[in-house]
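# Structural overview for review
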Amino acid sequence: MKSKIKANSQNVANPFVYSDTNKRYHTYDYYLKQRFGSKCAKIPIDAHMTCPNIDGSKGFGGCIYCSGGGVGASANCCMDIEEQYKRGVELLADKWHADKYIPYLQYHTNTYSPLPVLKELYEKLLKMPGAVGLNIATRADCLPDRTVDYLADIAERTVLTVELGLQSIHDSTAKLINRGHTYEEFLDGYERLRHASDMINIAIHLIDGLPGEDPDMMLATAKAVGCLKPDMVKIHSLYVNKGTRLFDMYDAGEFTPIKKEEYIDILVRQLQVLPPETVIGRITGDGERGIAVAPDWAFRKVDILNGVDKKMFAENTWQGRLYGK
Ligand code: SF4
């Protein structure tokens, strides 16, 4: 009861326009309610793609934190996409009280295939029962013009979100994490997508606590990304997965994960410089127990969400308060 009263008083005092709760940032939940009138569940789909940063066309071994299935590993890698969708709907329908679904091509680089292959895959997903959109995670350096034109065509027919991994604007960091592209290359892909159609929602993925980065570098990334006015930003702290090069660095004492308080602090600073219209797709990661080994606080997502709410309320700040300043 006590916490309820507190939450209510935070709701009343909340000056942030894109919120109907105590959240002082533009949550994905709020966006879904506005866009679809109710909750939608994202259904993760593993389309068995690879990545140019793994197969050698850009690099070998992938980003140092990559567990081989993208950022998180897929439990669905042996099922076809129809089965994965069906299973995802069964698992999430009750939990989310949802009857609308967004297939989410989450693993690896989902535009990294010949166009006919992509067309077959995407068109199949668009026709899944209850599907009201499509989310495609990929790299900005894997967007040939013909694929971009096709994405623009899809965006005329459904709510399409293309999610681009950036992680950091700093090329020194990109080199250190073996990202396999520069910020300039990212911008090239981003701008071509942006100019192809206003209907394509573009999400940018960022990671805080990358090796060699201090809070000022993370803030600079958020500021630069804010200037691009993306439709969505997803942020999480770097976590260490077993079997990755980052794990070897962590094990050898060459990498120390960011602390919870530091992460909450930088997150609030980043939210302040992002445009208020930009949807915050997430501020926590999906590290899997048994694979992700550190930092342990990253598994307690509620602590992070509550910590951000508390800090924004105590400082009377909100997303976009310092945008453009
Ligand atoms: S871009 Fe994604 S899938 Fe490719 S190596 Fe990096 S984390 Fe893994």
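Residue positions are given per chain, counted from 1 along the sequence in the order it is written. pLDDT decides what is reported in this predicted model: residues at 70 or higher carry local features, side-chain atom pairs at 80 or more are listed and counted, and totals for whole chains, interfaces and linings draw on all residues regardless. The basis for every side-chain value is the complete set of non-hydrogen atoms in the structure, without hydrogens or water.

### As for the packing of aromatic side chains
Selection rule: Pairing of aromatic side chains requires ring centres within 6.5 Å, counting the rings of Phe and Tyr and the six-membered ring of Trp. Pairs whose planes differ by under 30 degrees are stacked, by over 60 edge-to-face, and all others tilted. Only DSSP runs of H or I reaching four residues or more are called helices, and only runs of E reaching two or more are called strands; each is numbered from the N terminus. Each residue's exposure class comes from its accessible area (1.4 Å probe, protein chains only) as a fraction of the maximum for that residue type: buried when under 20%, exposed when over 50%, partly exposed otherwise. Note on criteria: charge over ring means Lys NZ or Arg CZ within 6 Å of the ring centre, with the direction from the centre no more than 35 degrees off the ring normal.
Going through the model one piece at a time under the given rule, you end up with seven aromatic pairs. With a centroid separation of 5.8 Å and 25° between ring planes, the pair formed by tyrosine 28 and tyrosine 31 is classed as stacked. Linking tyrosine 28 with tyrosine 31, this pair stays in helix 2 (residues 28-36), spanning three residues, or about one helical turn. The same class applies to tyrosine 28 as to tyrosine 31, namely buried. The ring of phenylalanine 36 has arginine 35 lying over it, and the distance from NZ or CZ to the ring centre is 5.4 Å. Against the face of tyrosine 104 rests lysine 42, its NZ or CZ located 4.7 Å from the ring centre.

### So, unusual backbone geometry
Residues apart from glycine generally show negative phi values, whereas peptide bonds are mostly found in trans. In this structure, the amide linkage connecting alanine 294 to the following residue, proline 295, adopts the cis form with an omega of -5°. For proline 295, the position within the fold is in the loop between strand 9 (292-294) and helix 11 (301-314). Located in the positive-phi region is asparagine 178, a residue other than glycine, with phi close to 55°. With respect to the secondary-structure elements, asparagine 178 resides in the loop between helix 6 (171-176) and helix 7 (183-196). Its identity as a non-glycine residue notwithstanding, asparagine 316 has a phi of 45°, on the positive side. Overall, asparagine 316 belongs to the partly exposed group, its relative accessible area being 44%.

### Considering the site of the ligand
Where we set the bar: Throughout this document, a residue counts as near a molecule or strand when at least one of its heavy atoms sits within 4 Å of that molecule or strand. Classification used: nonpolar for Ala, Val, Leu, Ile, Met, Phe, Trp, Tyr, Cys and Pro, charged for Asp, Glu, Lys and Arg, polar for all others including Gly.
Every one of the eleven residues lining the ligand counts as a neighbour, but Cys51, Gly62, Cys63, Cys66 and Arg139 are closest to it. When the residues that make up the shell around the ligand are grouped by side-chain class, the tally is five nonpolar, four polar and two charged.

### Focus on the pairing of strand 6 (residues 232-237)
Definition in use: Pairing between strands is defined by DSSP: at least two bridges between them are needed. Handedness rule for crossovers: strands pointing away from the viewer, path from the first strand over the helix to the second running clockwise, crossover right-handed.
Among the six residues in strand 6, six count as buried, and that is most of the element. Neither face of strand 6 is exposed, since Met232, Lys234 and His236 on one face and Val233, Ile235 and Ser237 on the opposite face are all buried. Where strand 5 (residues 201-208) meets strand 6, six bridges bridge the pair, whose relative direction is parallel. Residue pairing across strands places aspartate 208 opposite serine 237, the latter belonging to strand 6. Considered for its hand, the β-α-β crossover made up of strand 5, helix 8 (residues 215-227) and strand 6 is right-handed.

### Some thoughts on the side chain of threonine 221
Spelled out, the test is: Whether two residues are in contact is decided by their heavy atoms, any of which lying within 4.5 Å being enough.
As for its position among the elements, threonine 221 is in helix 8. Discounting chain neighbours no more than four positions away, the residues touching threonine 221 are Gln167, Ser168, Ile169, His170 and Leu206.

### Remarks on the sheet that holds strand 4 (residues 159-167)
Test applied: The angle between two axes is taken between their N-to-C directions and runs from 0 to 180 degrees, where each axis is a line fitted to C-alpha atoms and a helix contributes only its stretch in contact.
As summarised here, the arrangement of the seven strands in space is 1-2-3-4-5-6-8, forming an open sheet in which the pairing is parallel. Both edges of this open sheet fall to strand 1 (40-45) and strand 8 (279-282), since each of them pairs with a single strand only. When strand polarity is set aside, the average angle formed by the axes of neighbouring strands in this sheet is 25°. Note that strand 4 and strand 5 share six bridges and pair parallel. Pairing of glycine 165 across the sheet is with histidine 205, part of strand 5. Docked against the sheet, helix 10 (residues 260-273) engages strand 5, strand 6 and strand 8, running at close to 165° with respect to strand 6.

These figures capture arrangement, not role.
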